[in-house]
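# Structural overview
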Amino acid sequence: MSKVNLSNKKNKHFRTIIQIVFFTIVLLTSINHQISETGNGIPFVSKASLHALCPFGGVVSLYTFFTDGRFVQKIHESSFVMLSIVLFLSVLFGPVFCGWLCPLGSIQEWIGKIGKRIFKNKYNNFINNKYDKYLRFTRYIVLIWIVFVTAKTGLLKFSNIDPYYALFNFWTREVTMQALIILGIVLTSALFIERPWCKYACPLGALLGLTSLFRIFKIRRNSKTCISCKKCDKICPMNIKISDKEVIKNHQCISCMQCTSEIACPIENTVSLKTKGGK
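One structure accompanies this document, and this report is about it. Source: prediction; values computed, not measured.

Attention now moves to the pattern of salt bridges. Taken as a whole and judged by the stated rule, the model has 5 salt bridges. Between Arg 195 and Glu 109 there is a salt bridge, and its shortest N-O distance comes to 3.0 Å. Taken together, the residues span a long stretch of sequence, with Arg 195 in the loop between helix H9 (177–189) and helix H10 (196–200) and Glu 109 in helix H5 (residues 103–119) at a distance of 86 residues. Each of the salt bridges in this network shares a partner with another, and the network as a whole consists of Arg 15, Glu 109 and Arg 195.

In terms of nonpolar packing, the biggest core is built from 43 residues, with Phe 97, Leu 104, Ile 107, Leu 167, Trp 197, Ile 240 and Ile 242 touching the most fellow members. Looking at this core, the elements that each hand over two or more residues are helix H1 (9–36), helix H4 (96–101), H5, helix H8 (163–167), H9, H10 and helix H11 (203–209). What Trp 197 contacts, discounting residues up to four positions off in sequence, is Leu 104, Gln 108, Phe 158, Pro 163, Ile 182, Val 186, Cys 202 and Pro 203.

Now for the layout of surface pockets. Of the voids in this model, the largest pocket is the one considered here, and its volume is about 1,100 Å³. What lines the largest pocket is a set of 40 residues, and nearest its centre among them are Asn 124, Lys 234, Ile 235, Cys 236 and Pro 237. Breaking the lining of the largest pocket down by element, the ones donating at least two residues are H1, H5, helix H6 (129–135), H10 and helix H12 (231–235). If one sorts the elements of the lining of the largest pocket by residue count, H1 sits on top with 5 residues. Considering only residue class, the lining of the largest pocket consists of 12 nonpolar, 13 polar and 15 charged. Lining the second largest pocket we find 14 residues, and of these Phe 14, Trp 100, Cys 256, Met 257 and Glu 262 sit closest to its centre. Looking at the lining of the second largest pocket, the elements with two or more residues in it are H1 and H4. In terms of residues, the lining of the second largest pocket owes the most to one element, H1, which gives 3 residues. For the lining of the second largest pocket, the residue count by class is 8 nonpolar, 4 polar and 2 charged.

Take the packing of aromatic side chains next. Applying the stated rule across the entire model yields 11 aromatic pairs. An angle of 35° between the planes, with centres 5.2 Å apart, marks the rings of Phe 119 and Phe 192 as tilted. Of this pair, Phe 119 sits in helix H5 while Phe 192 sits in the loop between H9 and H10, placing them 73 residues apart in sequence. Consider the rings of Phe 126 and Phe 192, whose centres lie 5.8 Å apart with planes at 80°: the pair is edge-to-face. Pair noted here: Phe 126 is in the loop between H5 and H6 and Phe 192 is in the loop between H9 and H10, with a separation of 66 residues, a long-range link. Aromatic ring contacts, followed pair by pair, group Phe 23, Trp 110, Tyr 164 and Phe 168 into a single cluster.

Cut-offs and rules
Going along each chain's sequence as written, the residues are numbered from 1 onward. For a predicted model such as this one, the threshold for reporting local features is a pLDDT of at least 70, and the threshold for listing and counting side-chain atom pairs is 80 or more; totals across whole chains, interfaces and linings nevertheless cover every residue. Heavy atoms throughout the structure, all of them, feed into the side-chain values; hydrogens and water do not. Here, a salt bridge means any side-chain nitrogen of Lys or Arg that lies within 4 Å of a carboxyl oxygen of Asp or Glu. Numbering goes from the N terminus for both helices and strands, where a helix is a DSSP run of H or I of at least four residues and a strand is a run of E of at least two. Residue types Ala, Val, Leu, Ile, Met, Phe, Trp, Tyr and Cys, when buried and joined through side-chain atoms within 4.5 Å, form a set referred to as a nonpolar core. Accessibility here uses a 1.4 Å probe with only protein chains present; expressed as a share of the type maximum, an area under 20% marks a residue as buried, one over 50% as exposed, and anything in between as partly exposed. Contact criterion: two residues are considered in contact whenever any of their non-hydrogen atoms come within 4.5 Å of each other. Whether a set of points on the 1 Å grid over the protein atoms alone is a cavity depends on a 1.4 Å probe fitting there but being unable to get out, while an open set qualifies as a pocket with protein on both sides within 12 Å along at least five of seven lines; lining residues are those with an atom within 4 Å of a point. Grid points are joined across faces, edges and corners, and a volume is the space filled by probe spheres set on the points. Just so you know the grouping, Ala, Val, Leu, Ile, Met, Phe, Trp, Tyr, Cys and Pro go in nonpolar, Asp, Glu, Lys and Arg go in charged, and all remaining residues, Gly too, go in polar. For Phe, Tyr and Trp, rings pair up if their centres lie within 6.5 Å, where Trp contributes its six-membered ring, and each pair is then called stacked (planes under 30 degrees apart), edge-to-face (over 60) or tilted (otherwise).

If you want it as C-alpha cells, here you go:
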C-alpha cells in the first residue's frame, strides 16, 4: 500500500523563501543603481543596472553579437552569463528560473493569493479552456517580434514596454507610460488569473518553456500509486492537467514543484522530479 506523504512545512516554504530572497536582491540592486548615480550607494550591493541582471537581455542581443560583435544598447555581457546559467538549469530541470527566481513571476503569485481568498475555486478558471489553449501561444509571437525588432534596430525596444523593468524602476523617469500601464494590467490580472504574464506574454518564459520538451529531469506521475485525488491539477499555477499524464512535457510548466509528493500530492513518490527510470 502506498504511504501517505506528510509534507513538512520546510518543503512548502522553501521555494517562497528563495523567491523572497531573489526579489529582495533585485530590488536592492535597482535602488542602489539609482543611488550610485548621486555618488552614494548601499554597501555590499551591486551597482549594476537591472538590464545586467536580466537573462532575457542575452536573448535579444544574440543576433547583434554574433553578426556585428557588439551588444544591444543597455545590454551587458553579464546578461549572456546569466542566460547561459538559466539555459543550463532549464535543460536539466526545466524553467526553474520562472518558477523559483523571476521576481515578476513571484509578485504575480503573491497577488494571486489575494485572488484565491476572494474568488475561491473560481480563481484561475475565468478564461474558457477553448480560448485559453490558443492564448498560451501568444508569448511566442511576443518573443519573435521582440527578437526581430531588436535585431533590426540594434536597440532594446522591449524596455519601453517591459513590466519587469517597470516593477523595479516605477519611481524613476526611465520608465515609459506604456510599461507602467502594462505592469498595472499584469498585476491587476493576477487577482483573477495566476501568473497571467507568464502564461500569455513572457518572451523569456516562451523560450525556457521549450526546454520542458527535452529536459533531463522531468516531473513524472506514477499511475500505479496515484489515487486520482487531482490535488496536483488544482495546485498547478499554469493550469496543467497532471493527473492523466505519465510525464509532464507541457511547454507552460515552470518547474515550481508544487504538484509533487513533496508538496501537494498526498502519496509518497507518486509525482516526482526525476530522470527516466530514476527513483
